[in-house]
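# Observations on the three-dimensional arrangement
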Amino acid sequence: KYDATQTAFYAAIATTFLKLPIYLSSAEFYSKSNDIFLMYHDSPNEVHFLIDSSQHCYTPYSLFYTADTAGPRRFSSMMADWTAATIGTPSSTSTQCDGELEP
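Notes on the structure in this doc start here.

Conventions we followed
- Residues numbered from 1 in each chain as written.
- Predicted model: local features only at pLDDT ≥ 70, side-chain atom pairs only at ≥ 80, totals over all residues.
- Heavy atoms only, no water.
- Helix = DSSP H or I, 4+ residues; strand = E, 2+ residues; numbered from the N terminus.
- Expected span 1.5 Å × (residues − 1).
- Polar contact = N/O pair within 3.5 Å; in protein donor to acceptor, adjacent residues only side chain to side chain.
- 1 Å grid on protein atoms, 1.4 Å probe; cavity = no way out; pocket = protein on both sides within 12 Å on 5 of 7 lines; lining within 4 Å.
- Points joined across faces, edges and corners; volume = space filled by probe spheres on them.
- Nonpolar A, V, L, I, M, F, W, Y, C, P; charged D, E, K, R; others polar.
- Phe/Tyr/Trp six-rings, centres within 6.5 Å; stacked < 30°, edge-to-face > 60°.
- Buried < 20%, exposed > 50% of the residue type's maximum accessible area, 1.4 Å probe, protein only.

### A short note on helix α1 (residues 4-16)
- The end-to-end C-alpha distance of α1, which contains 13 residues, comes to 18 Å, matching closely the 18 Å that a straight helix rising 1.5 Å per residue would cover.
- Between the side-chain oxygen at the start of α1 and the backbone nitrogen of Thr5 there is a gap of 3.2 Å, and the oxygen is on Asp3.
- Directly beyond the C-terminal end of α1, a positive phi value near 55° is found at Leu18.

### Points about the layout of surface pockets
- Considering only enclosed or pocket space, the second largest pocket measures out at about 350 Å³ in volume.
- Counting residues per element, the ones that place at least two in the lining of the second largest pocket are α1 and α2 (26-39).
- Here the lining of the second largest pocket gets 5 residues from one element, more than from any other, and that element is α1.
- Within the lining of the second largest pocket, the residues separate by chemical class into 10 nonpolar, 2 polar and 2 charged.

### Quick look at the packing of aromatic side chains
- Under the definition given, this model contains 4 aromatic pairs.
- Ring geometry for Tyr2 versus Phe29: centroids 5.6 Å apart, planes at 65°, classification edge-to-face. A residue pair is termed long-range when its members are at least 10 positions apart, and Tyr2 in the segment before α1 and Phe29 in helix α2 qualify at 27 residues.
- According to the relative accessible area criterion, Phe29 is buried, its value standing at 8%.
- A ring pair is formed by Phe49 and Trp82, whose centres lie 5.2 Å apart and whose planes are at 50°; its orientation type is tilted. Highlighted residues: Phe49 in the loop between α2 and α3 (79-88) and Trp82 in helix α3, separated in sequence by 33 residues. Comparing Phe49 with Trp82 shows no difference in burial state: the two are buried.
- A connected cluster of aromatic rings, assembled from ring pairs, spans Tyr2, Phe29 and Tyr30.

Written out as structure tokens, the structure reads:
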């Protein structure tokens, strides 16, 4: 997700490791994020649950039980159900995100 928290975190890490550019556009941020996901793509236990929201932490809050990929209170594909399926049968779990998949 591209928001103030993520961009500030990226800028802090980039500064720490002297990596340029320190600031990324949303397109650059998503491109670099996808590059990281692709590094792990062939790992048998690699899946993601991406939520379109400014909320960053879900597991310590009740939002964990009501969040879906569209946001913290949408009630469709619940993060808690997905997590339980991942623990029980990881081979049948897939990455989840909001919106249309792009090639």
